[in-house]
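The chain contents come next:
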Amino acid sequence: MELYTNLRQGEKGAWLSIGTYLILSSAKLTIGYIGTSEALKADGLNNTTDIIASIAVLIGLRIAQRPPDSNHQYGHLRAETVASLVASFIMLVVGLQVLINSLQNLWQPTGTTPSLLTAYVAIGSAVVMYVVYRYNLALSKKIKSAAVKAAAFDNRSDALVSIGTAIGIFGAIFGFPIIDSLTALIVAFLIIKTAVEIFWEAVQSLTDAFDIDEVETLSVLIRNVDGVIELLDFKGRAHGNMYFIDITVTVDPYLNVFESHRITEEIEHTIMRENRFCQVLVHIEPHVELIPPQNDDKSPTN
């Protein structure tokens with residue numbers, strides 16, 4: 001099934017993030033220690049937490065590929081959304097940690113001058129993470145994966161952190177250590193903002209929120225299906241990138257079963273042309289206004 005193939009492709013993004021973070025965190029911690037840069041060491045620690053977030057995304061994608069079973073009739077697709085939720089929590093913790101550290105450094109600036117090498121490492125790290133971000137973002141759009149999208153935004157946040165780290169290091173080298181803390185403060189707010197956005201999107205999905213624009217678009221298409229008289233009810237929810245849609249429509253009450261079934265199939269095909277990752281349940285009801293009123297009056301007998 002194409003849906004599960006897409007989930008397997010999403011694992012490439014998670015593995016790419018894990019491998020990149022392992023290399024960058026090791027390099028930053030080592031060179032940060034040698035070059036006496038607290039900012040680079042903090043950035044390296046930040047990347048170690050990102051390894052955990054990427055592993056959470058990978059696990060979520062793996063669980064989402066499991067087929068339906070007796071306890072999960074709709075499959076395990078929401079594991080992908082749970083992975084996004086976990087990633088948002090880890091990003092939020094990192095953002096708060098950067099925020100607290102930057103505020104502390106504003107009040108108690110350090111007088112140590114780091115090595116120029118540490119700034120170059122931070123710049124190189126930012127470039128690498130931006131490339132990973134662009135790859136994962138393109139992959140998330142291709143396979144419509146919320147978890148890979150969350151991983152991409154995490155990659156972008158790390159690129160911003162590294163840029164902030166480089167600016168701070170240069171500021172400290174040229175005698176303006178406060179630039180380090182001010183830049184870190186801005187980066188912290190950007191990380192927290194991204195974490196909150198991912199968290200809100202995951203919560204909306206887990207609480208069965210459904211895009212209003214999507215409802216309006218599909219409702220118009222359903223009403224235009226030949227044989228549909230009225231759309232009485234539309235319910236939808238998302239499990240990962242799979243939509244489950246329940247619809248109630250009215251049709252001519254004098255249609256036979258075959259004709260009514262044709263209408264349900266046409267509705268399903270119409271919706272799946274708009275989004276092929278859908279499971280549609282159509283309930284048919286007779287349009288009561290076309291049913292002639294019953295005459296209950298009994299004629300008098302002689």
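Naming follows an unreviewed UniProt entry, where the protein appears as Cation transporter of Lysinibacillus fusiformis. In its Subcellular location (unreviewed entry) section, UniProt records this for the protein: "Membrane". UniProt, in the comment section headed Sequence similarities (unreviewed entry), describes the protein in these words: "Belongs to the cation diffusion facilitator (CDF) transporter (TC 2.A.4) family."

Enquirer: Sorry if this is basic, but what is going on with the packing of helix α4 (residues 116-143) against helix α5 (residues 146-173) here?
Expert: Helices that pack against each other are described as a pair by the angle of their axes relative to one another and the distance between those axes. Viewed as axis vectors pointing N to C, α4 and α5 meet at an angle of 165°, and their least axial separation amounts to 7 Å. Comparing the axis directions of α4 and α5 gives the class roughly antiparallel. Relative to α5, α4 is oriented so that their crossing is left-handed. Tallied by class, residues from the contact of α4 with α5 come to 22 nonpolar, 7 polar and 3 charged.

Enquirer: So what exactly am I meant to see when it comes to the domain arrangement of the protein here?
Expert: By convention, interface size is frequently given as the accessible area that disappears when the constituent parts associate. Domain annotation of the protein identifies domain 1 (1-207) and domain 2 (212-286). In this structure, domain 1 and domain 2 have C-alpha centres spaced 41 Å apart. Across the contact, 12 residues belong to domain 1 and 9 residues belong to domain 2. With both sides pooled, the region where domain 1 packs onto domain 2 buries about 1,100 Å², and carbon together with sulfur makes up 56% of that total. Where domain 1 touches domain 2, the interface holds 0 salt bridges. Applying the counting rule to domain 1 against domain 2 returns 2 residue pairs in polar contact (both at pLDDT 80 or more). Element by element, the count of residues in the side of domain 1 that touches domain 2 is highest for helix α1 (residues 2-34), at 3 residues. Residue composition of the side of domain 1 that touches domain 2, by class: 5 nonpolar, 3 polar and 4 charged.

Cut-offs and rules
Residues numbered from 1 in each chain as written. Predicted model: local features only at pLDDT ≥ 70, side-chain atom pairs only at ≥ 80, totals over all residues. Heavy atoms only, no water. UniProt positions renumbered as here; feature names shortened; annotations may be inferred. Axes fitted to C-alpha atoms, helices over the stretch in contact; angles between N-to-C directions. Helix = DSSP H or I, 4+ residues; strand = E, 2+ residues; numbered from the N terminus. Parallel < 35°, antiparallel > 145°, perpendicular 65-115°, else oblique. Left-handed = near helix turned anticlockwise from the far one by under 90°. Nonpolar A, V, L, I, M, F, W, Y, C, P; charged D, E, K, R; others polar. Domains from an automatic or database assignment. Contact = heavy atoms within 4.5 Å. Buried area = accessible area lost by both parts, 1.4 Å probe. Salt bridge = Lys/Arg side-chain N within 4 Å of Asp/Glu carboxyl O. Polar contact = N/O pair within 3.5 Å; in protein donor to acceptor, adjacent residues only side chain to side chain.

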